[in-house]
Amino acid sequence: MKKSDNMVWRFFASVRLALFSLLILATTSIIGTLIPQKNPPEFYINSFGQRTAQFFQLLDVSDMYNSWWFITLLLLFSVNLIVCTIDRLPNVWQMVVMNNLDTEPERLEKMPSRQVFHAHGDAQALAELATALLTKNGWKTRQGNKPSGLLLFSQKNAWSRLGVYAVHLSILIIFAGAIIGSLFGFKAGLMIPEGRSSDTVYETGTGKPIPLGFTLQCEDFNVSFYADGNTPKEFRSTLKVIDGSGKETPFTKNIIVNDPLNYKGITFYQSSYEPMQGFNINITNKATNAKKFFQIPIGQKIHWEETNIDFGIINQEVRSRMGDVSKLKIWFSDGQGEPSIFWMENNATQTISSPTAAYDFQASQVYATGLQVAKDPGVWTVYAGCTLMLIGLYVAFFLSHRRVWVYIVREEAADRCRIVVCGATNKNKIAFDKEFAALVECFTHDSTFHNA
Amino acid sequence: MNSSQLLGITTFAYLLSAILYIAIFVFRAKKLGLFATLITAFAFLINTAGIGLRWYESHQMGIGYAPLSNMYESLVFFAWSIAIVYLFMEIRYKNRVLGAFSMPFAALAMILAGLKNPDIKPLIPALQSNWLIAHVITCFIGYAAFAVASGMGVMYLVKDRRTDKTAGPLIASLPDLKAIDDIIHKTILFGFLWLSAGIISGAVWANSAWGTYWSWDPKETWSLITWFIYAATLHARFTRGWGGRRIAWLAIGGFVSVMFTYYGVNYLLSGLHSYGGR
Ligand code: HEM
C-alpha cells in the first residue's frame, strides 16, 4: 500500500486537521486567561465551589497549559505538521531542483503568461539575441536543445518554495527547545540578605532544593527612587560568585533588572527585594581616617570601642508598605559639646562636625535581594527557531518562484522562426505579470521580432 | 509648544483626514483627493514630531525613555503606524477610497489616547529595556496592518452586498472585489510577519528580564490566540482556496482578537502586562 493511500496517513497529512487544531488551540487557550492559573486547590474550591473544583482538577484547569489534554493537542499539531511536511516536501523539492529545460513544448503553449513572435534568421542567432534581452531584464539564462528547436530557460528564487517549510520546521524547533528546557532546566527563586550567601536555590512551585555547585554571595543591594520618591528607578545587587570546585577566582558582578548574571549556564535575575530590620553604618573620622563598620538595629545605643563615639538610630520614616526606610533620625556624640541629632536620607552620607573633629556618617538599610534563578539549555534552540521563522515568513510571503522560457522553432515552410516567450510564477501573479510584460515589451521593441 | 499640544493637533488632523476620505467616497468628491492626502501627510508629520518631542521632554525631565511604554503612548504610536501603513497603500494602489476605511482607525486611536492621562511618568525597572522598544514597534506595525485589513474586509462586504442589486455609483467607485480580496490578503501577510516578530521580541525581552521567554500570562496567551487565528486564515486561503466574504469576515474577526489582546486584556484580565495598561 502506498503511504499516500493510507487512511491514517491521509488524516494526519490533511490541512483540514491543521485548521481544526489551530482553532481548537486558539479557543482552549482562552480558558487559562479567564481562570487564574497555578493557585492552590483551596482557591478553586472557594471561588468556584466543590463540584466545579473537582471537575477542574480532572482536567488540570489550574495548570491547563501543562495539562495532559493541552499537551496532547500540541502533540497532535506537531504530528500533523511533520506528516504534512513528509507528504509534500518531496514534490516541492522536485520543483526546486528540476531541470526546466526538460519541459515539454506542449506545456509551454499552455503557460499562464505567453506571447508569440516571429522572426527571420538562424535559430541559434535568434537564441543569442533573446538571451541578451533576457539578461538585460535580469534573467540569467540557460540554453538547451529540443528535437524540434531551441529552448531558453531562466528562473528566480526557486528555493523560495522552501520558505513555508522553513516556517513549519521553525515551529518544531521551538517546541524542541521548549522540551529541552523543561527536561534539563529549572526555574527557582532565592532570597539573600546583604552579606549572606547561599549554595542552594529552591525550585518555583515545588520548593525543592537544587544545589548550585558554587556559592553566591550578596555583597550589596540598593534600590534607588525617582525624584517623586515612590517609583523605583533601579534595583541593583552586587553578587559574588565563589566557586570552590574549580580554580576560578571569585568574581563579582552588578546585576539590575534586564541585566542578569550568568554563570555555568545558570542565570540570576534581579526580581524583587525585601527591606530587613537593621542598618549598615560606616563611620570615618576625617582627621585620623579611622574607619569602622557596624550593623545595628534601630533604637539601640552603640559604642565605638577605640574612640569616644556613641551613636544610634532613634527614628525612621518609611517610604512604602514594604518597609523601605526613606529617612533616618540619628543621635551622635563624640563627647565634645552637644550631641548631634539630625535626619538623613537612607543610603546617604552625612558630615558631622563637633568642636574638635569631623566625621563622615553613612547609613543604609539592610536589604535582602530577591533573585529569580533559571537554567534553560533550550533557550538558544528556541531563539534559532524564532529566527528561522521570521526568515521563513519573509521568504514565504514576499518572494516567489518565477520562471520564463523562450522556445524557438524553425518553420521551414514560412522561412522564419516561431518564438514563444512564456512564464509562470507560484504566487503574486500581479507582480509577475508586470515583470513579464516588461520582458515582452523588450522583444516587441527589438526590430528582429514581430508580434505574431 | 509641548508634545501633548502637538498630539492634540494630530487628533484633529486625523479626524479631518478621515472625514475627507469618507467625503471622497460618499460624495465622490474626487477634487478633495489631493487635499485629503496632504492633510494625512501633515497629520503624520505632526504625529511624528509629537512622539519625538515627547521623547525629548522625557530627557529634559531626567527620565529619558522612548515614549512607547504606557497606554497613552502606545495609542499614539498605533495611530502613527496606521497612518504610515495607509499612506504606503495609497501610494501603492493609487486609490483614495481605501482611506475612508483606514484613517478612521487612526482618528479613533488618537481620540482614545485623548482620554488617557498624558503625563510623562518614570519607567519602572522592568520596562527599562531596548527590547521594549523593539517589542512595541513590531507589535503595533502588525496591529496597524490588521486594522487596515479589517477596514478592507468591511469594504469588501459593503461592495459585495450591493453588487447583485443595482449597484449605485457609490458602490461602483470601490475597487473591484478581486482587488479588495488581494489587498486584504497582502495586508494580513504583512501584519502576520510583524505580529510574529512582535511576539518573538516580547519573548526575548521577558527572558532577559525574568528568565522565562514564555509564561502564559493573559496578554501573551491572547497574542498567541490572535496569531493562531491569522495562521488559520492563511491556511484556509492558501490550501483550501477560501477567499472573498469568508476571508473578509476573518479579517474582521482577527482584528477583534487583536483589539482584545491590546485593550481588553488590560481591563478585563490580570497579569504581568497590566502595569503597561493603565
Ligand atoms: C501555527 C502554525 C503554522 C504556521 C505559522 C504556518 C505557516 C504557514 C505559512 C506562512 C504558509 C505559507 C502561506 C502563504 O504563503 O500564504 C503555510 C502554508 C502551508 N501550511 Fe502551514 N503553518 C502552520 C501550521 C501548519 C500545520 C499544522 C500544517 C499541517 C498540515 C500546515 C500545512 C501547510 C500547508 C500544506 C501549506 C501550503 C504549503 C504549500 O503550498 O506547499 N501548516 N503555513
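Residues numbered from 1 in each chain as written. Chains lettered and ligands numbered in written order. Predicted model: local features only at pLDDT ≥ 70, side-chain atom pairs only at ≥ 80, totals over all residues. Heavy atoms only, no water.

## What about the interface of chain A and chain B?
Then, number 1: Contacts between chain A and chain B engage 45 residues on the former and 42 residues on the latter.
Then, number 2: Between chain A and chain B, the buried area comes to about 3,800 Å², and carbon and sulfur atoms account for 72% of it.
Then, number 3: On the chain A side of the interface with chain B, the three residues burying the most area are Thr33(A), Asn258(A) and Phe397(A), jointly 16% of the side's total.
Then, number 4: Counting every contact that joins chain A to chain B gives zero salt bridges.
Then, number 5: Looking at the side of chain A that touches chain B residue by residue, the classes come out as 29 nonpolar, nine polar and seven charged. (Contact = heavy atoms within 4.5 Å. Buried area = accessible area lost by both parts, 1.4 Å probe. Salt bridge = Lys/Arg side-chain N within 4 Å of Asp/Glu carboxyl O. Nonpolar A, V, L, I, M, F, W, Y, C, P; charged D, E, K, R; others polar.)

## Describing the site of the ligand
Then, number 1: Neighbouring residues of the ligand: 22 residues in total, closest Leu81(A), Cys84(A), Tyr165(A), His168(A) and His235(B).
Then, number 2: One chain alone does not account for the residues near the ligand; they come from chains A and B.
Then, number 3: Between the ligand and Tyr165(A) there is a distance of 3.1 Å, counted from an oxygen atom to a side-chain nitrogen or oxygen.
Then, number 4: In the model, a nitrogen atom of the ligand is placed 2.7 Å from a nitrogen or oxygen of the His168(A) side chain.
Then, number 5: Secondary structure elements with two or more residues in the shell around the ligand: α2 (15-34), α5 (68-97), α8 (163-184) and α9 (379-398) of chain A together with α9 (218-240) of chain B.
Then, number 6: Split by residue class, the shell around the ligand holds 16 nonpolar, five polar and one charged. (Near = heavy atom within 4 Å. Polar contact = N/O pair within 3.5 Å; in protein donor to acceptor, adjacent residues only side chain to side chain. Helix = DSSP H or I, 4+ residues; strand = E, 2+ residues; numbered from the N terminus.)

## Things to note about the environment of Trp380(A)
Residues and elements named next belong to chain A.
Then, number 1: Examined against the element boundaries, Trp380 turns out to sit in helix α9.
Then, number 2: Note on Trp380: relative accessible area 67%, which makes it exposed.
Then, number 3: Expressed as a C-alpha distance, the spacing of Trp380 and Gly177, which sit 203 residues apart in the sequence, is 7.4 Å. (Buried < 20%, exposed > 50% of the residue type's maximum accessible area, 1.4 Å probe, protein only.)

## Focus on the coordination of the iron atom of the ligand
Then, number 1: Looking at the iron atom of the ligand, one finds its protein donor set to be His168(A) (NE2) and His235(B) (NE2), positioned 1.8 to 1.9 Å from the metal centre.
Then, number 2: The site at the iron atom of the ligand holds six donor atoms, and with the angles between them running 85 to 179°, its shape is octahedral. Note that His168(A) is positioned in helix α8 and His235(B) in helix α9, a pairing that runs across two chains. (Donors = N, O, S within 2.8 Å, 3.2 Å for Na, K, Ca; no water. Tetrahedral: all angles 85-135°; square planar, octahedral: opposite > 155°, others 65-115°.)

## Structural notes on the pattern of salt bridges
Then, number 1: Per the counting criterion, the structure on display carries 18 salt bridges over all chains.
Then, number 2: When the shortest N-O distance is used, the salt bridge between Glu90(B) and Arg96(B) registers 3.3 Å.
Then, number 3: Ionic contacts of the salt-bridge type, sharing partners, join the residues Glu109(A), Arg114(A) and Arg418(A) into one network.

## A few points about unusual backbone geometry
Then, number 1: Notably, Asn157(A) is not glycine yet its phi reads approximately 55°, a positive angle.
Then, number 2: Mapping Asn157(A) onto the fold places it in the loop between β3 (149-156) and α8.
Then, number 3: At Arg28(B), a residue that is not glycine, the phi angle is positive and equals roughly 50°.
Then, number 4: Structurally, Arg28(B) can be placed in the loop between α1 (3-26) and α2 (33-60).

The analysis is restricted to geometry; functional conclusions fall outside its scope.
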